[in-house]
Amino acid sequence: MDKLYPTQEIGSLRKPEWFLKIIRDKRVGEGAKRAARDDLAYLNIRLLEDCGLDYVYDGEARRPEMYEYVVKNVGGFKLAGWVRSFDNRYYRKARVVDKVTYLGPYHLDEFEFVAQHARRMVKIPVTGPYTLADWSYNEYYQSKEDLVFDLAKNVIRPLLRDLTSAGAKVIQIDEPAATTHPKEMRMFVEAFNEAVAGVDAKITVHICYSGNQYRSLFPEALDLKCSQFTLEFANRDTARLGLDKESRVGYQALNLFKEYGDKREVGVGVVDVHVDSIEPPELIRDRILYAAKILEDPKRVYVNPDCGLRTRSRAVAFAKLRNLCLGAELARSANL
Amino acid sequence: MKVGCYIGGIYPRSERLIEATRRNPPNLAEICRRDKKRVIDLQVKAGLTYISDPLLDWDDMLRPYLALKGVEQGALNRIFEQNTFYRMPLVVERVEWVEPITLKHLSVDLLPKSRDWKVDLPDPYTFAQLSDNRYYKDHRDLVLDLAKALAKEAETLQQRFKLIQINAPSICSIRSREELDSAYEALKTVTKGLSAKTYLHLYFGDPTPILNDLLDFPVDGLGLDLVNTEIPKGLRFGKMGLAAGCVDAGNTRMEKPKKVAEELKSVVDAVEPREVYVCPNYDLEYVPRAYANRKVRRLSKIAKILEEAM
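Residues numbered from 1 in each chain as written. Chains lettered and ligands numbered in written order. Predicted model: local features only at pLDDT ≥ 70, side-chain atom pairs only at ≥ 80, totals over all residues. Heavy atoms only, no water.

Caption draft 1: Summary view of the overall build of chain A. Within chain A, the secondary structure is distributed over ten helices and ten strands. Here chain A has a C-alpha radius of gyration of 19 Å; the compact-globule value for 336 residues is 20 Å, and the two agree. For chain A, the spread of C-alpha atoms along the three principal axes comes to 55 × 45 × 40 Å. Counting only residues that meet the buried cut, chain A has 62% of its 336 residues in that class. Contacts in chain A between residues far apart in sequence, at least 24 positions, make up 76% of those at least 6 positions apart. Of the roughly 12,700 Å² of accessible surface on chain A, a fraction of 50% belongs to carbon and sulfur atoms. Charged side chains in chain A number 52 positive and 49 negative. The centres of these two groups are separated by 3 Å. (Helix = DSSP H or I, 4+ residues; strand = E, 2+ residues; numbered from the N terminus. Rg over C-alpha atoms; globule rule 2.2 N^0.38 Å. Buried < 20%, exposed > 50% of the residue type's maximum accessible area, 1.4 Å probe, protein only. Contact = heavy atoms within 4.5 Å. Areas by Shrake-Rupley, 256 points an atom, 1.4 Å probe, with all protein chains shown as cover. Lys, Arg positive; Asp, Glu negative; His and termini not counted. Charge placed at Lys NZ, Arg CZ, Asp CG, Glu CD.)

Caption draft 2: Summary view of the environment of K258 of chain A. Residue placement: K258 of chain A occurs in helix 8 (residues 255-259). Spatially, the C-alpha atom of K258 of chain A lies 42 Å from that of P16 of chain A, the residues being 242 residues apart in sequence.

Caption draft 3: Quick peek at the side chain of E232 of chain A. All names here are of chain A. Inspection of the secondary structure assignment puts E232 in the loop between strand 8 (228-231) and helix 8. Within the structure, the side chain of E232 is placed 2.6 Å from the backbone nitrogen of Y209, a separation counted as a polar contact. A distance of 3.3 Å separates a polar atom in the side chain of E232 from a polar atom in the side chain of N235. Ignoring anything within four residues of it in the chain, the contact list for E232 reads I207, C208, Y209, S210, Y214 and D306. (Polar contact = N/O pair within 3.5 Å; in protein donor to acceptor, adjacent residues only side chain to side chain.)

Caption draft 4: Seen up close, the sheet that holds strand 6 (residues 132-133) of chain B. All names here are of chain B. Here we have three strands laid out as an open sheet, ordered 3-4-6, and mixed in their pairing. In the strand order of this sheet, the two ends are held by strand 3 (69-78) and strand 6, each with one partner. As paired elements, strand 4 (residues 85-96) and strand 6 share two bridges and run parallel to each other. The residue of strand 6 that forms the bridge with V91 is N133. Against the sheet, helix 4 (residues 139-157) touches strand 4 and strand 6, its axis set at about 90° to strand 4. (Pairing = 2+ DSSP bridges. Axes fitted to C-alpha atoms, helices over the stretch in contact; angles between N-to-C directions.)

Caption draft 5: Quick look at a positive patch on the surface. Residue and element names in this part refer to chain B. Taken together, the side chains of K45, R294, R297 and K301 make up a positively charged region of the molecular surface. Here the positive patch gets three residues from one element, more than from any other, and that element is helix 8 (residues 289-309). Inspection of the secondary structure puts K45 in helix 2 (residues 28-46). For K45, a relative accessible area of 78% translates into the label exposed. (Patch = residues over 30% accessible without salt bridge, like charges linked within 9 Å, V, L, I, M, F, W, Y side chains within 5 Å. Salt bridge = Lys/Arg side-chain N within 4 Å of Asp/Glu carboxyl O.)

Caption draft 6: How the structure looks around the interface of chain A and chain B. The partner chain B presents 30 residues to the 31 residues of chain A that form the contact. Of all residues in chain A, W82, R84 and N88 of chain A give up the largest surface area on contact with chain B, accounting jointly for 25% of the area buried on that side. Along the contact surface separating chain A from chain B lie three salt bridges. Two residues, R84 of chain A and E285 of chain B, come together in a salt bridge whose shortest N-O distance is 2.9 Å. On inspection of chain A and its partner chain B, the count reaches 22 residue pairs in polar contact (both at pLDDT 80 or more). Counting only elements with at least two residues in the side of chain A that touches chain B, the list comes to strand 2 (74-86), strand 3 (89-102) and strand 5 (137-138) of chain A. Among the elements that take part in the side of chain A that touches chain B, strand 2 of chain A stands out by supplying seven residues, more than any other. When grouped by side-chain class, the residues that make up the side of chain A that touches chain B number 15 nonpolar, ten polar and six charged. (Buried area = accessible area lost by both parts, 1.4 Å probe. Nonpolar A, V, L, I, M, F, W, Y, C, P; charged D, E, K, R; others polar.)

Caption draft 7: The packing of aromatic side chains, seen in detail. By the definition in use, this model includes 31 aromatic pairs over all chains. Geometrically, the ring pair formed by Y209 of chain A and F85 of chain B is edge-to-face, given 5.9 Å between the ring centres and 75° between the ring planes. Taken together, the residues Y209 of chain A in the loop between strand 7 (202-207) and strand 8 and F85 of chain B in strand 4 connect one chain to another. Grouping residues by exposure puts Y209 of chain A and F85 of chain B together as buried. Grouped by ring-pair contacts, the aromatic residues F80, Y203, F204, Y282 and Y286 of chain B constitute a single cluster. Over the face of the ring belonging to F113 of chain A we find R62 of chain A, whose NZ or CZ atom lies 4.8 Å from the ring centre. Over the ring of W82 of chain A we find R22 of chain B, and its NZ or CZ is 5.2 Å from the ring centre. (Phe/Tyr/Trp six-rings, centres within 6.5 Å; stacked < 30°, edge-to-face > 60°. Lys NZ or Arg CZ within 6 Å of the ring centre and 35° of its normal.)

Caption draft 8: Structural view of the pairing of strand 4 of chain B. Residue and element names in this part refer to chain B. With seven bridges joining them, strand 3 and strand 4 adopt antiparallel strand pairing. By the bridge assignment for strand 4, R78 is matched with F85. A loop of six residues connects strand 3 with strand 4, the two strands running antiparallel in sequence, and F80 in this loop sits at a positive phi of about 45°.

Set out below in structure tokens:
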């Protein structure tokens, strides 16, 4: 994109109560539920565009969650129950009880709907093979590696190809588990590359909440076949304005790109998705400008929240996204 | 040799409690207590040696201790190599103990009077490692101040609890003498003069390179993750007890009690600990509730088979 500091969302938005009531109501027929999903997807697309984002999707309106939705639609998994993510946030974790199999393009309907209604660029989030394996209890494969590569080659790759055949141009592979086990970084990179092999689209990777501030990503990530890393930073930063190292303490991991000579784009997380306070545009501007300073090229900087905003109320999420876009505007003005 | 068994750390919330916590009804505390009671009853029925509060209302193992003076709530961070996150304690001034914390966060009245109780406490070195220190120039000073604060906590617990499980995952990755000394000094401060038995639990890492040194640590026993690590040959526990983490809290696959007991017997024969407890390798909160319940029942089966074989 020619525009400086393009703005994008990461994926999920909280589902409104009216929507959940319909979806959970056993008396409501499938037709009405489908209509509710369409309504929410449409609403999310419009709201994200109204915030001013350059890349949009549907807030994952049709997915209960980034992991559960996939394991319900891929053969070989069986849901086990709830496990904590943090605080009282839980996700349903699955057991792998058989060989994993691709049952069909499980994101195709939603992609086609978004492509039909979006006026901005569409970026589709797809949960990656390493994360799917890491978040599951492996009771079937001899090794985790066997599971990861089977998912990469025989589930995610066919899905990505089906999506690009349907017109997907930008695909964000969500791999929040990537840095969980530093010793498995090579496995993550090779499986990722297997998944995207022969896929004709711009591939970005989203990784968040790395326990070691992304240090374990490198040097292996240099071999990752993607053109952008979309990462979380605001969570560790101070709320002070400024372009000094102390104020921007949360963004020091960007130095790794310089240290390892990686010149690819970075989607920089500029709002914290785990607090309700709304970052002012001036703070977002400074975070963007600081990232541009470290990466030594403003054209490499994309602007996004740290992660999906599903943990925040919709009012908070949209206020954050609006300010994110205003902050990007301020940063563009500062660069003129 | 008598073989015991116990569980430690945070137990998984029931789906009912997760849902209730989301809705936050006025009787949430009562719903939580009922859920705790179920887990306590399960421990009693399964025949665990020590019964503990399942900490269903704890969001992570350090969260209550953010009440220490000088500590605030920091960023969300990954718990070692798990897909579960905790709030980093943000150290902004000198750490000091003001009032009892652990007891305030336990439902002691639910624990059965006829049984022995156990309680969890963080290890000061681990606490410091998992914190975002923005005050102390010397990290060791933070470790020692945390040790003093946690020693006060231990004092408040020792009368009621027969066993204090000290959770020390960060010690596993220590590879320098200086750090080991710091962890040792801190533990000495915590355990000094305690009447309760203390077990140092080591998981989420490989402590075997320093295991020889850990055998001299000022605790009554070591808790080891025997699912993911192997005790080096030739090591003798001597006066030290062993809490054998042989039930996998990281996988839903169910252990076969007879097979696990046989494997454990060969470990016990080799290292000759003073006493043995059969445990999960870490908190059972990493598997869903139904699987955790099944694993608790297996603990006592393993302990029984092992005891008969000894």
